[in-house]
Amino acid sequence: MAILRLISKLNAGPVLKAVTRSRATLANADLHQVLVNVPETRVTEIGNGVRVATENSGLPTCTVGIWIDAGSRYENQQNNGVAHFLEHMAFKGTTNRSQMDLELEVENMGAHLNAYTSREQTVYYAKCLSKDLPRAVDILADIIKNSKLGEAEIERERSVILREMQEIENNLQEVVFDHLHAIAYQQTPLGMTILGPTENIKRIQRQDLVNYIKQHYKGARMVLAGAGGINHDELVKLAEKHLGDIRNEYEGVEIPLLSPCRFTGSEVKVRDDDMPFVYGAIAVEGAGWDNPDNLPLMVANTIVGSWDRSQGGANNVASYLGQASATDNLCHSFQSFNTCYKDTGLWGIYFVADHMKAEDFVNHLQWLWMKICTQVTKSEVDRAKNLLKTNMLLQLDGTTPICEDIGRQMLCYGRRIPLTEMEHRIDSITVDTVKEVCSKYIYDRCPAVVAVGPTEAFPDYSWIRAGMYRLKI
């Protein structure tokens, strides 16, 4: 603004007019023009199958990380929790760097090093200055290949994970979603928690971690992703130097296979009358990442929306359920979700409500679900599509979200879908598409239901199941 004021003083007439036109042009640029200007995602596969994928935006900072096709879904009842345990051990020293050396090197770079484990992926990434990219890749590769996994460090981290489990037990949203997976995918790997049961954490040994690395940390199951100020050719050379010796052979371990996970409509209630609210979730089986039904389900998910009492809004919020919750005091908050895995998913809603209002909330929710299946309007679909495209861009604000998007899509789709293609797919969704897909996944389906808290007045499963259809005239 100071520069514009200086220009206006020097030449108030034509210069100010030119600036005004420029602003107007930018303001009127449509979404498609914005998406076209997004840098391309370049992909190269090196000799051992490791894929290198980058988006170069020319920034002075970057995020680079290694995405591995391995998570708790590839575990069994005996070793459930080993992937998350291994992630905790990543920063405890390697054969080339002690834990102190590793921490000092990252600190002196001014970088941020982090990792996380999900049900289908394990991720190690670093955010740093673009000039420090070679050192960041060196550190990440060292962690992946040469973690020391010392016995003393394992025992210390065992205690840390057990404390983390206690903290998660106090996070009721995490508790509800763990219960939801457990009943929706009974007796399957997706039904297990990411951290694993306490008895597993207490007995996991170094050899269990070594075996998991041998089984899953293979070149063909890895993606080296980068976003920000990253030169693609440079990152490819760094991948060949630091990751090129990772092998794909399976010696002494089984080849990991993705077992199918059957969805089961069922319920679980954990009654605790000392809790102030009911924390609940209701979900049906959704679509996998590469299923074409996924986008219409995302549009339907956007129509349901989310709401929190602290936001206010009342009748001015777009979501019908948000309006009803505000005016009739149905709940304290709710959040619709569409959680996807490779071949399945969970589509539903998480909510927090007073115990005497939970039934009314579920009644309004199911009325909205049936409306989406049978009577959704064009204006509702158009608004949801616009909001979905906006959220799609807002979630890619920064090098780290972009890098995560690249790594996840490379593992889920085998490529990164261009934003222009995603826009075209969303625009092609019609009212009939939403009705057809939602009728397929929601209408007359058996849901998975979880309720934690004072559940005495929470509706029975048979009552909820009866609300999953409406007589059509």
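Residues numbered from 1 in each chain as written. Predicted model: local features only at pLDDT ≥ 70, side-chain atom pairs only at ≥ 80, totals over all residues. Heavy atoms only, no water.

The subject of this paragraph is the pairing of strand S4 (residues 112–117). Pairing of S4 with strand S5 (residues 122–129), which is carried by six bridges, proceeds in the antiparallel orientation. By the bridge assignment for S5, histidine 112 is matched with lysine 127. Linking S4 back to S5 in an antiparallel pair, the connection comprises four residues. (Pairing = 2+ DSSP bridges. Helix = DSSP H or I, 4+ residues; strand = E, 2+ residues; numbered from the N terminus.)

The next subject is the environment of glycine 286. Within the fold, glycine 286 resides in strand S8 (residues 278–286). Put simply, glycine 286 and histidine 88 are 198 residues apart on the chain and 31 Å apart in space, counted from C-alpha to C-alpha. Discounting residues that sit within four places of it in the chain, glycine 286 has contacts with Leu297, Thr344, Gly345, Leu346, Trp347 and Tyr441. (Contact = heavy atoms within 4.5 Å.)

With a phi angle near 55 degrees, leucine 149 is a residue other than glycine that sits in the positive phi range. Tracing the backbone shows leucine 149 in the loop between helix H6 (133–146) and helix H7 (151–169). Given the relative accessible area of 3%, leucine 149 is considered buried. Positioned with a positive phi, aspartate 444 is a non-glycine residue whose angle comes to about 60 degrees. Among the secondary structure elements, aspartate 444 is positioned in the loop between helix H18 (431–441) and strand S12 (448–453). With relative accessibility at 41%, the residue aspartate 444 sits in the partly exposed group. (Buried < 20%, exposed > 50% of the residue type's maximum accessible area, 1.4 Å probe, protein only.)

Moving on: the packing of helix H12 (residues 294–304) against H18. Look at H12 against H18: their axes get within 9 Å of each other, and the N-to-C directions meet at 95 degrees. With respect to their mutual orientation, H12 and H18 come out roughly perpendicular. Along its contact with H12, which presents Pro296, Leu297, Val299 and Ala300, the element H18 presents Thr433, Val434, Val437, Cys438 and Tyr441. Residues of the contact of H12 with H18, tallied by class, amount to eight nonpolar, one polar and no charged. (Axes fitted to C-alpha atoms, helices over the stretch in contact; angles between N-to-C directions. Parallel < 35°, antiparallel > 145°, perpendicular 65-115°, else oblique. Nonpolar A, V, L, I, M, F, W, Y, C, P; charged D, E, K, R; others polar.)

Quick look at the sheet that holds strand S2 (residues 51–56) now. Taking strand neighbours across the sheet as the criterion, the six strands line up as S1-S2-S6-S3-S5-S4 in an open arrangement whose pairing is mixed. What marks the edges here is a single partner per strand, and that holds for strand S1 (41–45) and S4. This sheet shows a mean twist of 15 degrees between the axes of neighbouring strands, independent of strand direction. Bridge count between S1 and S2: five bridges; the pairing is antiparallel. By the bridge assignment, glutamate 45 is partnered in S2 with arginine 51. Across the face of the sheet, helix H4 (residues 82–89) comes into contact with S4 and S5 while running at roughly 170 degrees to S4.

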